[in-house]
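Observations on chain architecture
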Amino acid sequence: MRSKRLAIGILFLFLFTAQAFAFGETKWEFKAFVASNITFHEDKILFGDQLGMLYVLNKDSGEVIWTHHDQGPIIKTIAVVDDKVLYITSTGHVTCLNLEDGALIWDYTPAESADEIIHDGVVVGEGLAFVVKNDSKLYALDISTGKTVWTFQGNEQGLQTAPAYSEGLVFLGEYNGIFDIIDAKTGERLNGGGAGGAINTPVVKDGVVCYSSWAGSVNAVQIKSVIPLWNVNIKEPITTSPVIAEGIIVVGTGRGFVTALSEKDGSSIWRLDCKNGVVTSKPIIANGKVYAVPEGGNVYEIEATSGKVLNTFETKGPVSSPAYSDGVLYFGNMDTLMAVKE
């Protein structure tokens, strides 16, 4: 009887281990409540946590290079430009640090007003940092000093998502569905378009800007001469920015689906039900695979061409936006940053 129980125990352990590592071997783990997106720079990985700590780790080993403590959870995208790191906190601060050692360069602190809260991440270009606020304005801050260079007044319904930058232009989606193309140096609106609902952060690739909306539309516009290329509607709220690679565009939806469209004409390629809540984290495409994270947890590894689920990594709860570099997938799993080999 004892040997039978031992055999069952060994079998259970084998099955559990096989399931746990079917996704890939864990390279390293780091204890932290990840709150921001993950950013890479050379041999470094940068992210912020719920306690206001910015971490800079060695990408290969997970060892701490330096840390910096701030006034609130560090959220959304962390930007690295030249020798500087820029990020925002949930309290609305924009902080600029020295990339080498984490020394403070400047800190932009909004006035104590609900209209001064900063939404989403920080985007950089033309020596400026672009952020949006509750007061419906896009702010361009000088990266060297943190001083405001210009502002752009959006619609009164507000700005909720970060802009995108490419080749001297800022691309901004507004909450009311207006799409703006803005001169990065002056803040002047040059052109634009629209969608049927709130627009997520646009993405630029090969001279084309692509943006998605909560009304279910995905739009592709040639930047030069501002020529609309195609528009499709997947008939459910799109809750993530588009991600473009390997000839496909992938978005996540409010009904828990991940949808892949053709980069060329927007035609549908596949649609996958993650069955675990709204997809709020932007998926990633890497090495022929799509990695997606629904709100309820678990990481899905999907074949990019077919939409077939190759593996799932079962998590302890909600997961932060994934990131991929050199054959390793990085994501926050509750209180741990995971580095998992492909």
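So, how was this worked out
- Residues numbered from 1 in each chain as written.
- Predicted model: local features only at pLDDT ≥ 70, side-chain atom pairs only at ≥ 80, totals over all residues.
- Heavy atoms only, no water.
- Helix = DSSP H or I, 4+ residues; strand = E, 2+ residues; numbered from the N terminus.
- Buried < 20%, exposed > 50% of the residue type's maximum accessible area, 1.4 Å probe, protein only.
- Polar contact = N/O pair within 3.5 Å; in protein donor to acceptor, adjacent residues only side chain to side chain.
- Salt bridge = Lys/Arg side-chain N within 4 Å of Asp/Glu carboxyl O.
- Core = buried A, V, L, I, M, F, W, Y, C linked by side-chain atoms within 4.5 Å.
- Contact = heavy atoms within 4.5 Å.
- Phe/Tyr/Trp six-rings, centres within 6.5 Å; stacked < 30°, edge-to-face > 60°.
- Lys NZ or Arg CZ within 6 Å of the ring centre and 35° of its normal.

Some thoughts on the environment of Asn176
With respect to the helices and strands, the residue Asn176 is situated in the loop between strand E15 (169–173) and strand E16 (178–183). A relative accessible area of 23% places Asn176 in the partly exposed class. Side-chain polar atoms of Asn176 contact the side chain of Asn155, separated by 3.5 Å.

Observations concerning the pattern of salt bridges
Under the criterion given, the structure shown has nine salt bridges. Close ionic contact of Asp335 with Lys31 constitutes a salt bridge, the shortest N to O distance being 3.8 Å. Remark: Lys31 occurs in strand E1 (residues 26–31) and Asp335 occurs in the loop between strand E31 (328–333) and strand E32 (336–341); sequence separation between them is 304 residues. Classification of Lys31 as exposed rests on a relative accessible area of 56%. Among the ionic pairs, Lys84 bridges to Asp83, the shortest N-O distance being 3.2 Å. Classification of Lys84 as buried rests on a relative accessible area of 16%.

Considering the nonpolar core
Membership of the largest hydrophobic core comes to 16 residues, with the highest contact counts inside it found for Ile248, Val250, Val258, Trp270, Ile285, Val290 and Ile302. Of all elements in the fold, only strand E22 (243–245), strand E23 (248–252), strand E24 (257–262), strand E25 (268–273), strand E27 (289–292) and strand E28 (299–303) reach the threshold of two or more residues within this core. In this structure, Ile302 is in contact with Trp270, Leu272, Gly288, Lys289, Val290, Ala292, Gly307, Lys308, Val309 and Leu310, ignoring residues within four places of it in sequence.

Some details on the packing of aromatic side chains
Per the counting criterion, the structure on display carries eleven aromatic pairs. Between Phe30 and Tyr55, the aromatic rings sit 5.1 Å apart at their centres with planes inclined by 70°, giving edge-to-face as the arrangement. Note that Phe30 is positioned in strand E1 and Tyr55 in strand E4 (residues 53–58), a separation of 25 residues in sequence. A single burial state applies to Phe30 and to Tyr55, both of which are buried. Consider the rings of Phe171 and Phe179, whose centres lie 6.4 Å apart with planes at 10°: the pair is stacked. Cluster of aromatic residues (ring-pair linked, three or more members): Trp28, Phe40 and Tyr330. Across the ring face of Phe40, the terminal group of Lys59 is positioned such that the distance to the ring centre comes to 5.7 Å. Positioned above the aromatic ring of Tyr139, the side-chain terminus of Lys133 is 3.9 Å from the ring centre.

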